Amino acid sequence: QHILRKFYSREIKKYLRIICYPWPGANLCACLFLDETDYVKSDKRLYQANQSLQEAKQKLDRAYAEAKKANDDKTELLASVSKGIRTPLDGILGYINLAMEIDRPELLREYMAKIKDSGQMLQKLINKTADLSRIERGEIVLNPEPVSYGLLLRAIFDMMKPAMEAKKIKFVVDTSKAALPNVYMDILRFQDIILNILSNAINFTAENGRIDFIVETLELGEKEVQDRIVIRDTGCGMSKKFLPHLFEPFSQEYKESRARDSGAGLGMSIVKKLVELMGGQIKVNSEPEKGTEFTLYMRTALAPERYVSKKPRKRIDISLDIVEG
C-alpha cells in the first residue's frame with residue numbers, strides 16, 4: 001500500500017504532500033513530491049473569510065435582538081406611562097364632573113381633596129419619569145458637599161418618623177459598627193436613595209411590623225470611607241421570579257396586600273441608577289411574606305471637620321397647604 005504524508009518544510013517554506021508507492025519485487029519505491037502551498041493558503045483564506053462571516057452574522061443577530069428588545073421596551077414603557085398618567089387623570093376628570101353636579105359644600109370639599117390627591121400622584125409620576133430620563137441621558141451631575149454622615153441620616157429618619165408612627169412600625173437603627181465621619185456627598189441624591197427604599201419598606205410592611213437600618217463601616221482610609229447600609233423589613237416580600245425585574249422602569253409585582261399606594265414602579269429604577277452614579281452598588285434579597293433586605297455599598301470621600309455644617313440641609317416636599325386662604 002502507498003504511504004501518504006503531509007508536512008510543512010521550514011527549509012523551503014512549502015506545504016508538501018509526499019506519496020510513496022512500493023516497487024513490486026524490489027526494495028525500491030517511487031515517491032511523488034507535490035507542492036500544495038497555494039491550495040493550503042487558499043483554504044486558510046477561505047476558512048478565515050468564513051469565520052469573519054460567522055462573526056459578522058453573530059454581531060448582526062445580536063444587534064437585531066438588541067434593537068428588537070429596545071423597541072419592545074419602548075413600547076412597554078409608553079404603555080406603562082400612558083396607564084400611569086391615565087389613572088390619576090381619570091380620577092381628576094371624574095371628580096370634577098361630580099363636583100359640577102352638586103351643591104353641597106361638604107361633598108365639594110371631599111371631591112376637591114380627591115382631585116388634589118390625584119393631581120399630586122400625577123405630578124410625582126411626571127417628575128419621576130423626567131428624573132429617570134435625565135439620568136439615562138447623562139444629564140444628572142452630582143453636587144458633593146461636606147456633611148456629617150450621622151446628622152444626615154438622622155435628618156432622613158426624622159422625615160420618615162411620622163409615617164412609621166402612623167403604622168406603629170418598630171424602627172431599629174444600628175450604627176454601632178459605623179464610623180459616621182464627615183464626608184463629601186450629594187445630599188439630595190443620597191436622600192432620594194434612602195427615602196425611596198424606606199418609603200417602600202413602610203408601604204409594604206403591615207402595622208406593628210419592623211424595619212431595621214444597619215450601617216457598618218467596611219474600610220476607613222485617609223481619604224475615603226466605605227460603608228455597608230442594610231435596610232431590612234418584615235413586609236410582604238417579593239417572589240424570586242420578580243426580583244430580576246425589580247430595578248426595571250414601571251416594573252411592579254401585583255399582590256392584594258400591596259395593591260394600594262404602590263406607586264408607578266419608577267422609584268427603585270431611579271435608586272439603582274443613582275447608586276451607580278455615585279459609584280456604589282445595590283443588592284436585594286426577598287422572600288414572600290417574610291420581608292425584603294436591601295444592601296448598599298457606598299464609597300465616599302472624607303471631608304474636614306471645619307467645612308461641615310452642624311445641621312444638614314433637609315429636603316422638604318412643599319405642600320400647597322401653606323398658601324391656603
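For clarity, every value in this text was computed on a predicted model and none was experimentally measured. (Residues numbered from 1 in each chain as written. Predicted model: local features only at pLDDT ≥ 70, side-chain atom pairs only at ≥ 80, totals over all residues. Heavy atoms only, no water.)

A. Focus on the overall build of the chain. A count of helices and strands for the chain gives five helices and 10 strands. Of all 325 residues assigned to the chain, the portion counted as buried reaches 33%. Accessible area for the chain stands at about 21,800 Å²; split by element, carbon and sulfur atoms hold 54% of it. (Helix = DSSP H or I, 4+ residues; strand = E, 2+ residues; numbered from the N terminus. Buried < 20%, exposed > 50% of the residue type's maximum accessible area, 1.4 Å probe, protein only. Areas by Shrake-Rupley, 256 points an atom, 1.4 Å probe, with all protein chains shown as cover.)

B. Main features of the packing of aromatic side chains. All chains considered together, the criterion is met by six aromatic pairs. Judged by centre distance (5.2 Å) and plane angle (75 degrees), the ring pair of F157 and F171 falls under edge-to-face. Of this pair, F157 sits in helix 3 (residues 149-166) while F171 sits in strand 5 (residues 170-177), and the two are 14 residues apart along the sequence. For F157, a relative accessible area of 15% corresponds to the buried category. Taken together, a centroid distance of 4.9 Å and an interplanar angle of 75 degrees make the contact between F157 and F213 edge-to-face. With F157 in helix 3 and F213 in strand 7 (residues 210-220), the pair connects residues that are 56 residues apart, well separated along the chain. You'll find F157 and F213 in the same group, each marked buried. What links up through ring pairs into an aromatic cluster is the set F157, F171 and F213. (Phe/Tyr/Trp six-rings, centres within 6.5 Å; stacked < 30°, edge-to-face > 60°.)

C. Highlighting the side chain of D227. One can find D227 in strand 8 (residues 224-233). Within the buried set, D227 has no salt-bridge partner at all; the shortest N-O distance to an opposite charge, 9.1 Å, is to R228. Those residues within four positions of D227 in sequence are excluded, and the remaining contacts are Y149, E216, T217, L218, L296, Y297 and M298. (Lys, Arg positive; Asp, Glu negative; His and termini not counted. Salt bridge = Lys/Arg side-chain N within 4 Å of Asp/Glu carboxyl O. Contact = heavy atoms within 4.5 Å.)

D. Representation of the environment of C236 within the structure. Along the polypeptide, C236 turns up in the loop between strand 8 and helix 5 (267-277). By relative accessible area, which is 6% here, C236 ends up buried. With 32 residues separating them along the chain, C236 and F204 place their C-alpha atoms 6.0 Å apart.

E. View of helix 3. Taking 1.5 Å per residue, 18 residues should reach 26 Å; helix 3 reaches 27 Å between its end C-alpha atoms and fits that length. At M160, helix 3 shows its largest kink, close to 40 degrees, and the proline P162 lies no more than four residues downstream. Positive backbone phi, at 55 degrees, marks K168, one or two positions downstream of helix 3. (Expected span 1.5 Å × (residues − 1). Bend = angle between axes of the 7 residues up to and from the residue.)

F. Inspection of a nonpolar patch on the surface at higher detail. Nonpolar side chains collect at one region of the surface, where L89, L93, I96 and M100 lie side by side and expose about 380 Å² of accessible area between them. In this fold, L93 is placed in helix 1 (residues 37-100). Looking at L93, the relative accessible area reads 46%, which means it is partly exposed. (Patch = residues over 30% accessible without salt bridge, like charges linked within 9 Å, V, L, I, M, F, W, Y side chains within 5 Å.)

G. View of the pattern of salt bridges. Counted according to the given criterion, the structure contains 12 salt bridges. Note that K14 and D35 form a salt bridge whose closest N and O atoms lie 3.5 Å from each other. A residue pair is termed long-range when its members are at least 10 positions apart, and K14 in strand 2 (residues 14-22) and D35 in strand 3 (residues 29-35) qualify at 21 residues. Here E276 and K272 are joined by a salt bridge, their closest N and O atoms 2.5 Å apart.

H. How the structure looks around the packing of helix 2 (residues 105-136) against helix 5. As a packed pair, helix 2 and helix 5 sit with axes 10 Å apart at the nearest point and diverge in direction by 30 degrees. Taken together, the axes of helix 2 and helix 5 lie roughly parallel to each other. In this structure, the crossing between helix 2 and helix 5 has a hand that is left-handed. Contacts between helix 2 and helix 5 involve K128, D131, L132, I135 and E136 from the former and G267, S269, I270, K273 and L274 from the latter. Looking at the contact of helix 2 with helix 5 residue by residue, the classes come out as four nonpolar, two polar and four charged. (Axes fitted to C-alpha atoms, helices over the stretch in contact; angles between N-to-C directions. Parallel < 35°, antiparallel > 145°, perpendicular 65-115°, else oblique. Left-handed = near helix turned anticlockwise from the far one by under 90°. Nonpolar A, V, L, I, M, F, W, Y, C, P; charged D, E, K, R; others polar.)

I. Highlighting the nonpolar core. Ranked by size, the top nonpolar core spans 48 residues in total, and within it F190, I193, I194, I197, L198, F213 and L296 carry the most contacts. Tallying contributions element by element places helix 4 (residues 187-203) first for this core, with nine residues. Apart from residues lying up to four places away in sequence, L296 is in contact with I193, I194, I197, D227, R228, I229, V275, Q281 and I282. (Core = buried A, V, L, I, M, F, W, Y, C linked by side-chain atoms within 4.5 Å.)

J. Summary view of unusual backbone geometry. Positive phi outside glycine occurs at L180, with the angle close to 50 degrees. On the secondary structure map, L180 appears in the loop between strand 5 and strand 6 (182-185). In the Ramachandran plot, N208 falls in the positive-phi region, its phi being about 65 degrees despite a non-glycine side chain. Classification of N208 as exposed rests on a relative accessible area of 60%.

Fair warning: the whole summary comes from geometry, so function is off the table for now.
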